[in-house]
Amino acid sequence: MTTQTKKKKKLYGELRPRLHSPFLKGKSRVDEVIEFAKAIGQPLLAWQELILKDMLTVDKNDQFIRKSVLLLIARQSGKSHLARMRVLAGLFCFGEKDILIMSSNRAMALKSFNIMVDIIERNAFLCAQLKGGSVKKGVYRTNGQERIILESGAQIEVVAATSDGARGRSADLLWIDELREVSEVAMDASKSVTLTRPNSQRIFTSNAGDAFSSVLNGMRQRCLEN
């Protein structure tokens, strides 16, 4: 007689956030991101799919309903991966022409930039869409001018979280990471970046701030009031 060991279930954290705006109902473009992430070997976690489903809900004209999204979560939980998948999907699936990524710590923005370059380089069908069909021609790593450019002209660009970093620029998607450290001046400079694009989004990610995180605290309070 043999005794079979019961298979232990995988241990997962809580799927739904502790605090959140009411989830939107209706059509979402999340399935495109899910399939894209699987195709490049970077599958999403269940909670990331849940957040992206809400984030990418569209109206009857296929326009994103959420124009600004704040994701406040502890470190090493996957918020940057979620944002990187949204950025790459914007470039390769949604047809977004200009994407800006910004962080109070430039090294963090460059880390995400380099991770995305590595993903593209490892996937031939992505690499083929780069300018000139290669990383050598489609990726610029010059300090202060880091960008990924497709043959179509669509691009991802790293900008500084300063008063001049985003000023005068226009983008379909703006991702600001480490919002807890972003200054009022840098935030003010970025406010108009997506205004002229009809189907734009702004994504803000951060871990918990402190009493001096005025931008983050102010945005969190507005979320709680709405």
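About the criteria used
Counting starts from 1 at the beginning of each chain's written sequence and moves along it residue by residue. This being a predicted model, a pLDDT of at least 70 is required before a residue's local features are given, and a value of 80 or more before pairs of side-chain atoms are given or counted; all residues contribute to the totals for chains, interfaces and linings. Hydrogens and water molecules were not included; the side-chain quantities draw on all heavy atoms of the structure. Fitting a line to C-alpha atoms yields each axis, with helices limited to the stretch in contact; the angle taken between N-to-C directions then spans 0 to 180 degrees. Each helix corresponds to a stretch of at least 4 residues labelled H or I by DSSP, and each strand to a stretch of at least 2 residues labelled E; elements are numbered beginning at the N terminus. Our angle categories are set so that under 35 degrees counts as roughly parallel, over 145 as roughly antiparallel, 65 to 115 as roughly perpendicular, and the remainder as oblique. Crossing chirality is assigned from the near helix's rotation relative to the far helix, an anticlockwise turn below a right angle marking it left-handed and a clockwise turn marking it right-handed. Contacts are residue-level and defined by heavy atoms, with any inter-residue pair within 4.5 Å sufficient. Expected span of a helix: the number of residues minus one, times 1.5 Å. Throughout this description, buried means an accessible area under 20% of the type-specific maximum (1.4 Å probe, protein chains only), exposed means over 50%, and partly exposed covers the range between. The directions considered for the arc are those from the helix axis to the C-beta atoms. What counts as a disulfide here is a pair of cysteine sulfur atoms lying within 2.5 Å. Each Phe, Tyr or Trp ring (for Trp, its six-membered ring) is paired with any other whose centre lies within 6.5 Å, and the angle between the two planes then decides the class: stacked below 30 degrees, edge-to-face above 60, tilted in between.

## Comments concerning the packing of helix α2 (residues 46–55) against helix α3 (residues 79–92)
- Relative to each other, α2 and α3 sit at 45°, their axes nearing to 11 Å. For the element pair α2 / α3, the angle class is oblique. In this structure, α2 crosses over α3, and the sense of that crossing is right-handed. From α2, W47, Q48, I51, L52 and M55 reach across to α3, where they touch K79, H81, L82 and R86.

## A word on helix α4 (residues 106–122)
- Under the 1.5 Å per step criterion, the end-to-end length of α4 is 24 Å for 17 residues, consistent within 8% with the ideal 24 Å.
- Residues of α4 that are buried: A109, S112, F113, M116, V117, I119 and I120. What you see down the axis of α4 is that its buried residues fit within an arc of 160°, all on one side.

## Notes on the state of the cysteines
- Taken as a whole and assessed by the stated rule, the structure comprises zero disulfides.
- With no disulfide of its own, C93 has C127 as its nearest cysteine by sulfur position, at a separation of 16 Å.
- A relative accessible area of 29% means that C93 is categorised as partly exposed.

## As for the packing of aromatic side chains
- Across all of its chains, the model carries two aromatic pairs by this definition.
- Ring plane angle 20° and centroid distance 6.2 Å describe the contact between F36 and F92, whose orientation is recorded as stacked. On the criterion of sequence distance, the pair formed by F36 in helix α1 (residues 30–39) and F92 in helix α3 is long-range, its members being 56 residues apart.
- A relative accessible area of 6% means that F36 is categorised as buried.
- Of the residues examined, F92 reaches a relative accessible area of 14% and is grouped as buried.
- With a centroid separation of 5.9 Å and 55° between ring planes, the pair formed by F64 and F94 is classed as tilted. Here the residue F64 occupies a position in the loop between α2 and β1 (68–72), and F94 occupies one in the loop between α3 and β2 (98–103), the gap between them amounting to 30 residues.
- The exposure class assigned to F64 is buried, which follows from its relative accessible area of 2%.
- Given a relative accessible area of 13%, F94 falls into the buried group.

Purely geometric stuff here, so don't read any function into it on its own.
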